[in-house]
Amino acid sequence: MSQDAVLDELVSAAKRSFADAASPADLENAKAQFLGKAGRVTELMKGLAALSVEEKKSRGAAINLTKQAIEAALSERRQALAQAELDAQLKAEALDVTLPGRQRTAGGLHPVSLTLERIEAIFGSMGFDVAQGPEIETDWFNFTALNTPEDHPARSMHDTFYVEGGTETAPNLLRTHTSPMQIRYAVQHVKKHRPLLDRGELMPEIRVIAPGRTYRVDSDATHSPMFHQCEGLWIGENVSFKDLKVVFTDFCRTFFETRDLVLRFRPSFFPFTEPSAEIDIQFQSGPLAGRWLEVAGSGQVHPNVVRNMGLDPEKYIGFAFGMGPDRLTMLRYGVNDLRLFFDGDIRFLSQFK
Ligand code: PHE
């Protein structure tokens, strides 16, 4: 083989070797074989030393051309590999802008929360304050202060969950109704207006509702161990059962958005009211027409309870009521199983958005 043919063959060998290199690291190894310190081009250069000056010139020029050809092939392959790497990366990170976007569904309020908001708005418009109280209550606020002493039979109607932290004679419990808020709120109110009372002046009326969670040992289609109540209390110097009737009738008609509705006050018993009444409503038209539906307990606040509020029952009088927002929600939306409200099934809940 002529010397030129040897050089041509060397360039071809380099090109093949570079083409075989599948990665930049492989390519650098291949480069070393030809252009490295012990590479084949370098070996050829070293061979020049033995030649004459004339031969060195021509042979050296030929080797240089060979070297340049190999370097050109190397850089071409480098670029190709870099491009391939970039293409692979772009492909892997491809974004299909035609895919439909991820939907963000808007949440909504729980149907019972919607009812509580309505109750607060309606009573708010009638001048009632809205108060919140603790769900873990003391025996005093839940029973004793409400004229329900320890051996009172009404306590068994309110079987509840007792919790740690109380004492033997004054256990802590999950409140069985929102009525303890009558005492809590009134005591604060009286404290605030103590100076007026001490001067024998008129105390501003107590007018409050107290919505919230309550607990009893009860569980079926119409009872849940956790349920909601909303207490109402109106105390002044001259607040009568007539006022209760007006306020509650107004409330029901506004809540259910109909005047086609009548109320019935059915004699009942609660230790903390005297006289006491269950409030029933009856729609005159629509799917529920003709049936009496119980919606609240109520009554004139018992003198012992007024006394426990820090007021003189000879001077202050009023009424209280306790209604069931869960029940009101069922009636308003035509839901027949209370448990649906607490199962957390999104198919049910999303209907109220
Ligand atoms: N607390 C009573 C109950 O849970 C309801 C009620 C409230 C009755 C206020 C009279 C006055 O059954």
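Model, not experiment: these values are computed from the prediction.

A few words on the domain arrangement of the chain. Domain annotation for the chain reports domain 1 (3-92) and domain 2 (111-352). Taking only C-alpha atoms into account, the centre of domain 1 sits 94 Å from that of domain 2.

Among the secondary structure elements, E76 is positioned in helix 4 (residues 53-92). Since its relative accessible area comes to 61%, E76 is described here as exposed. Taking the C-alpha atoms as reference, E76 lies 9.4 Å from F18; in sequence the two are 58 residues apart.

A few words now on the site of the ligand. Close contacts around the ligand come from 14 residues, with H177, S179, R216, Q229 and G322 the closest. One nitrogen or oxygen atom from the side chain of R216 is found 2.8 Å from an oxygen atom belonging to the ligand. A distance of 2.9 Å is found between an oxygen atom of the ligand and a side-chain nitrogen or oxygen belonging to Q229. When the ligand is considered free in solution it has 330 Å² of accessible area, and contact with the protein chains removes 93% of it. The residue inventory of the shell around the ligand, partitioned by class, reads four nonpolar, eight polar and two charged.

Along its 15 residues, helix 10 (residues 241-255) runs 21 Å from first to last C-alpha, staying within 8% of the 21 Å computed at 1.5 Å per residue. Among the residues making up helix 10, those that are buried are L244, V247, F248, T249, F251, C252 and F255. The N-cap residue of helix 10 is S240: its side-chain oxygen and the backbone nitrogen of K242 are 3.1 Å apart. Phi for E257, located one or two positions after helix 10, is positive at around 55°.

Turning to the sheet that holds strand 6 (residues 226-236), a few remarks are in order. Judged by pairing direction, the sheet is mixed, and its seven strands sit side by side in the order 1-5-6-10-9-8-7 without closing on themselves. Strand pairing shows two members of the sheet lacking a second neighbour, strand 1 (129-130) and strand 7 (261-270), which therefore form its edges. As defined by bridge partners, strand 7 adjoins strand 8 (residues 273-283) across nine bridges and the pair is classed as antiparallel. Each bridged residue has a counterpart across the sheet, and for V262 the counterpart in strand 8 is Q282. This element, helix 5 (residues 111-125), spans strand 1, strand 5 (206-215), strand 6 and strand 10 (317-323) of the sheet and lies at about 170° to strand 5. Where helix 10 meets the sheet, its contacts fall on strand 6, strand 7, strand 8, strand 9 (293-301) and strand 10, and the angle it forms with strand 7 comes to roughly 130°.

The next point concerns the packing of aromatic side chains. In total, this model carries 18 aromatic pairs according to the counting rule given. Summarising the aromatic geometry, the rings of F248 and F251 are spaced 5.7 Å apart at their centres and angled 55° between planes, so their arrangement reads as tilted. Residue F248 and its partner F251 are located together in helix 10, separated by three residues, close to a single helical turn. Judged by relative accessible area, F248 falls into the buried class, the value being 0%. F251 gets classed as buried once you look at its relative accessible area, which sits at 0%. Taking 5.0 Å as the distance between ring centres and 90° as the angle between the ring planes, the aromatic pair formed by F256 and F283 counts as edge-to-face. Taken together, the residues span a long stretch of sequence, with F256 in the loop between helix 10 and strand 7 and F283 in strand 8 at a distance of 27 residues.

Right, let's talk about the sheet that holds strand 3 (residues 162-163) for a bit. Pairing in this open sheet of three strands is antiparallel, and the strands run 2-4-3 from one edge to the other. At either end of the open sheet lies a strand with only one pairing partner, and these are strand 2 (136-138) and strand 3. Looking at chain direction, strand 3 and strand 4 (residues 172-174) are connected through two bridges and run antiparallel. Paired with V163 across the two strands is N172, which belongs to strand 4.

The next point concerns the packing of helix 3 (residues 40-47) against helix 4. It is at 10 Å that the axes of helix 3 and helix 4 come closest, and there the two elements cross at 170°. Between helix 3 and helix 4, the angle falls in the class roughly antiparallel. For the pair helix 3 and helix 4, the contacting residues are V41, L44 and M45 in the first and R59, I63, N64, K67 and I70 in the second. When its residues are assigned to classes, the contact of helix 3 with helix 4 shows five nonpolar, one polar and two charged.

Okay, the side chain of D326 next. Note on placement: D326 falls in helix 12 (residues 325-333). Within the buried set, D326 has no salt-bridge partner at all; the shortest N-O distance to an opposite charge, 9.2 Å, is to R213. Here H228 takes part through its backbone nitrogen, which lies 2.8 Å from a polar atom of the side chain of D326. For D326, the residues in contact, after removing those within four places along its chain, are V112, F227, H228, L338, F341 and F342.

Thresholds applied
- Residues numbered from 1 in each chain as written.
- Predicted model: local features only at pLDDT ≥ 70, side-chain atom pairs only at ≥ 80, totals over all residues.
- Heavy atoms only, no water.
- Domains from an automatic or database assignment.
- Helix = DSSP H or I, 4+ residues; strand = E, 2+ residues; numbered from the N terminus.
- Buried < 20%, exposed > 50% of the residue type's maximum accessible area, 1.4 Å probe, protein only.
- Near = heavy atom within 4 Å.
- Polar contact = N/O pair within 3.5 Å; in protein donor to acceptor, adjacent residues only side chain to side chain.
- Areas by Shrake-Rupley, 256 points an atom, 1.4 Å probe, with all protein chains shown as cover.
- Nonpolar A, V, L, I, M, F, W, Y, C, P; charged D, E, K, R; others polar.
- Expected span 1.5 Å × (residues − 1).
- Pairing = 2+ DSSP bridges.
- Contact = heavy atoms within 4.5 Å.
- Axes fitted to C-alpha atoms, helices over the stretch in contact; angles between N-to-C directions.
- Phe/Tyr/Trp six-rings, centres within 6.5 Å; stacked < 30°, edge-to-face > 60°.
- Parallel < 35°, antiparallel > 145°, perpendicular 65-115°, else oblique.
- Lys, Arg positive; Asp, Glu negative; His and termini not counted.
- Salt bridge = Lys/Arg side-chain N within 4 Å of Asp/Glu carboxyl O.

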